[in-house]
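Secondary and tertiary structure notes
In case you want the letters, here they are:
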There are 4 protein chains.
Amino acid sequence: MLSVLAIGGSLRRDSFNRRVLQAAPALALPALQISVYDDLASVTLFSEDLEVPRAPAAVERLRHAVASADGVVIATPEYNQSLPGVVKNMIDWLSRGEPVAVEDKPVGILGVTPGAWGTRIAQSQLRHALTACGAIVMPMPQLYLRSAAELFDADGQLIDARTRDSLAAFLAAFAAWVHKVRGTAIQGRSA
Amino acid sequence: MLSVLAIGGSLRRDSFNRRVLQAAPALALPALQISVYDDLASVTLFSEDLEVPRAPAAVERLRHAVASADGVVIATPEYNQSLPGVVKNMIDWLSRGEPVAVEDKPVGILGVTPGAWGTRIAQSQLRHALTACGAIVMPMPQLYLRSAAELFDADGQLIDARTRDSLAAFLAAFAAWVHKVRGTAIQGRSA
Amino acid sequence: MLSVLAIGGSLRRDSFNRRVLQAAPALALPALQISVYDDLASVTLFSEDLEVPRAPAAVERLRHAVASADGVVIATPEYNQSLPGVVKNMIDWLSRGEPVAVEDKPVGILGVTPGAWGTRIAQSQLRHALTACGAIVMPMPQLYLRSAAELFDADGQLIDARTRDSLAAFLAAFAAWVHKVRGTAIQGRSA
Amino acid sequence: MLSVLAIGGSLRRDSFNRRVLQAAPALALPALQISVYDDLASVTLFSEDLEVPRAPAAVERLRHAVASADGVVIATPEYNQSLPGVVKNMIDWLSRGEPVAVEDKPVGILGVTPGAWGTRIAQSQLRHALTACGAIVMPMPQLYLRSAAELFDADGQLIDARTRDSLAAFLAAFAAWVHKVRGTAIQGRSA
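Small disclaimer: the values here were computed from a predicted structure and weren't measured. (Residues numbered from 1 in each chain as written. Chains lettered and ligands numbered in written order. Predicted model: local features only at pLDDT ≥ 70, side-chain atom pairs only at ≥ 80, totals over all residues. Heavy atoms only, no water.)

1. Considering the overall build of chain A
In plain terms, the rule: Only DSSP runs of H or I covering at least 4 residues are called helices, and only runs of E covering at least 2 are called strands; the numbering of each starts at the N terminus. The atom set for the radius of gyration is the C-alpha atoms, and the globule formula is 2.2 Å times the number of residues raised to the power 0.38.
On a plain count of helices and strands, chain A comes out with six helices and six strands. Reading the helices (α) and strands (β) of chain A from amino to carboxyl end gives β-α-α-β-α-β-α-β-α-β-β-α. In terms of overall size, chain A behaves like a compact globule, its C-alpha atoms giving a radius of gyration of 16 Å where 191 residues would be expected to give roughly 16 Å. Projected onto the principal axes, the alpha-carbon positions of chain A cover approximately 45 × 35 × 30 Å.

The structure is reproduced here in structure tokens:
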């Protein structure tokens, strides 16, 4: 069994990115136990001043959830041709603390947008920032979902067949990635 | 007279980026009236759900301060080889509302870091995001300040002579950029 | 009258990006005199060793064409989620020499792709590199053209009405951008 | 034994990046057989027209060298705050052909610059483009070398002790990365 923490990068109640992740458990292999993180709104804006004497409770909960999972999947929107502040703020907290929760952690990235452009740049920036924190981001497959309004039914269920297939393939590849990464710990630090 | 709103992208009390901006008024031409924005910590994490019926009061204050200024200068740290979530979250709020506060607004970018690498990537991402919002970012000069601890005295005053000269030149160029941009409004929207 | 040099970033004979530029003269205001540069294939791979005693003749011709134009428009493909080597190699040559041909030069960027993703990342990287060279890149409107095969007829003529309108608006905005930039020379260099 | 192809991204005869790679064999574990590729200048500017009936001979040699190696290490300069055209042009060729030479290939990235900024952005763009081609780029350690002129002696030998240690650690980590990646083939394609 592999435990996967799935984090949607939008705080909106009806967020497309969270909905995609909510469809994941039914599409994943039985060996993948996916839980959707749902308290990102409590993770306050980062400041070093808030780290003393210890990080806020919501940050500690997030760090613990990430550290406890075998792998993490992040679904991100794209705002202003770049990574949303909400997602980057989460990364900024996760990059700190002892130990660093995302270090050596297998991470998968995807994103969905109501627009045409598929979160290409946001995912690129997210991949870069996570790598800088020591996470081991799955390089392929990459999942860029657009025209979000067409993918879900009125109840917010992911019904687009092609997207469901892509997501299932993504999750299967991610399980293999987690296994590969867990082989040996080889990560060093930037020089 | 040109009014300039200066925003430091770190919430830390002793932030190097805020300190650089606090040195700006004494280094700028008399025609540049620089005020340092100091309530970024109140700008909550972005969510579309918070825009109804209207954006939070702190967001509205920020938008009004930006809209009222002739130009905006942002000093950003770099976290995890990328733009801090705090700064991007501010941009995400500024990119919304009617009218968009940063649209057609002249903006100058700089950054300071205690490390060696000078906020190169953070500034690149900030420039890109601001441009995507319709801001008119000054292309040159670019100001990358590193080894921050060596630039200030014990009271947090910017004492490094070369940095003071660079900042003065940056501000003089920014005044010229504001004048150039205000010539005519020519911005369209992405197609 | 404004003279505009239009450069297509693909060497392929039937390049979509060159075809878009070939449609530009008929869509531009009469005051815009657009000529399409057609010898990028002769611009060899950059090496400092080739700059002594002077840059290759094809490089000098390119530099002269850029320096002589009032503005430059570059249409770029996207390869591997990034700027093509052919385009960046051209920039690398243009960033050198005395004077630097692109310095203070107004530049417009667009791109067309047969795929779905509209050269978003390539344009972002091109904008960044040009800015680093001292060019003054038009921030908006941005023109991302996709599904290229549907935009042209069998003779390679740009027939898609919406694209023609977008291109005409882009060119009109670029003319205004050139006028704005030429107001005063204010560019400094990176510090 | 692992065979590693080392490619310097500058064509200059006295290139710092090539010199760093030339120091690699003496610093690597005996199990790492490193050969420096030295014919990048023959890899012509990419054009789809040149792929028919088959790619140029120099491209085929490069592809064969990459495909035959167990891993590839690329040392890149940074020009104009971005990846040099010479390096990206190589990637553009390597991303094509059947099979794609870099697909599922372990790749390590480093860079050296005479300036202060350590090829931060160039490496970021190189990592992104390689990942888009299906390569499996080592996330850490990252090696950013600056002030190149101080690292070598008059004969071009890498003599800076700290840099030699960093490079040795980088190569040891890369050997482990190659072993990890070769565990199982799990790569899919972008969806």
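Back to the write-up after that little detour.
2. Brief notes about the relation of the copies chain A and chain B
Mapping between the two copies of the chain is achieved by a rotation about an axis and a shift along the axis. For clarity, the threshold we go by: Alignment of copies: least-squares fit on C-alpha atoms of residues with pLDDT of at least 70 in both copies. In this description, contact between two residues means that some pair of their heavy atoms is separated by no more than 4.5 Å.
Each copy superposes on the other: chain A lies on chain B with an RMSD of 0.0 Å after a rotation of 180° and an axial shift of 0.0 Å. In symmetry terms, the pair is related by a two-fold rotation axis. Minimal C-alpha distance to the rotation axis in chain A is attained by Gly85 of chain A, lying at 2.1 Å. Mapped onto chain B, 100% of the interface residues of chain A again fall at the interface, so both copies present the same surface.

3. Details of the interface of chain A and chain B
Here is the rule: Put simply, buried area is how much 1.4 Å-probe accessible surface two parts lose in total, over both of them, once they are put together. Whenever a carboxyl oxygen of Asp or Glu lies within 4 Å of a side-chain nitrogen of Lys or Arg, that contact is scored as a salt bridge. Contacts described as polar in this section are N or O atom pairs within 3.5 Å, which, within protein, must combine one atom able to donate a hydrogen with one able to accept it, while residues neighboring in sequence count only if both atoms come from side chains. Any residue that is not Ala, Val, Leu, Ile, Met, Phe, Trp, Tyr, Cys, Pro, Asp, Glu, Lys or Arg is counted as polar, Gly included; the first ten are nonpolar and the last four charged.
Contacts between the two partners involve 31 residues from chain A and, on the opposite side, 31 residues from chain B. Of the roughly 2,500 Å² buried between chain A and chain B, counting both surfaces, carbon and sulfur atoms make up 52%. Connecting chain A to chain B are zero salt bridges. Between the two partners, chain A and chain B, sit 16 residue pairs in polar contact (both at pLDDT 80 or more). Mapped by element, the contributors of at least two residues to the side of chain A that touches chain B are helix 4 (85-94) and helix 5 (120-132) of chain A. The biggest single contributor to the side of chain A that touches chain B is helix 4 of chain A, with six residues. Split by residue class, the side of chain A that touches chain B holds 15 nonpolar, ten polar and six charged.

4. Considering unusual backbone geometry
We count it as follows: Residue burial is assigned from relative accessible area. The probe radius is 1.4 Å, only protein chains are included, and a residue is buried under 20% of its type maximum, exposed over 50%, and partly exposed in between.
In this chain, Glu98 of chain C is followed by Pro99 of chain C through a cis amide linkage whose omega measures 0°. Inspection of the secondary structure puts Pro99 of chain C in the loop between helix 4 (85-94) and strand 4 (106-112). Residues Met140 of chain C and Pro141 of chain C are joined by a peptide bond in cis, for which omega reads -5°. For Pro141 of chain C, the location among the structural elements is in the loop between strand 5 (136-137) and strand 6 (143-145). Although it is not a glycine, Asn80 of chain B sits at a positive phi angle of roughly 55°. Within the secondary structure, Asn80 of chain B sits in the loop between strand 3 (71-75) and helix 4 (85-94). For Asn80 of chain B, a relative accessible area of 16% gives the class buried. At Ser147 of chain D, a position not held by glycine, the phi torsion is positive, near 50°.

5. A few points about the pairing of strand 3 (residues 71-75) of chain C
Residue and element names in this part refer to chain C. Put simply, the test is: By this definition, two strands are paired if DSSP reports at least two bridges between them. Here is how to tell: hold the view so the strands point away, follow the path from the first strand over the helix to the second, and if it runs clockwise the crossover is right-handed.
Judged by how many residues are buried, strand 3 sits mostly within the fold: five of five residues are covered. Residues Gly71, Val73 and Ala75 point to one face of strand 3 and Val72 and Ile74 to the other, with burial holding for every one of them. In the sheet, strand 1 (residues 2-8) pairs with strand 3 via five bridges, with the strands oriented parallel. Considered in strand 3, the bridge of Leu5 is made with Val72. For the crossover that starts at strand 3, traverses helix 4 and ends in the parallel strand 4, the hand is right-handed.

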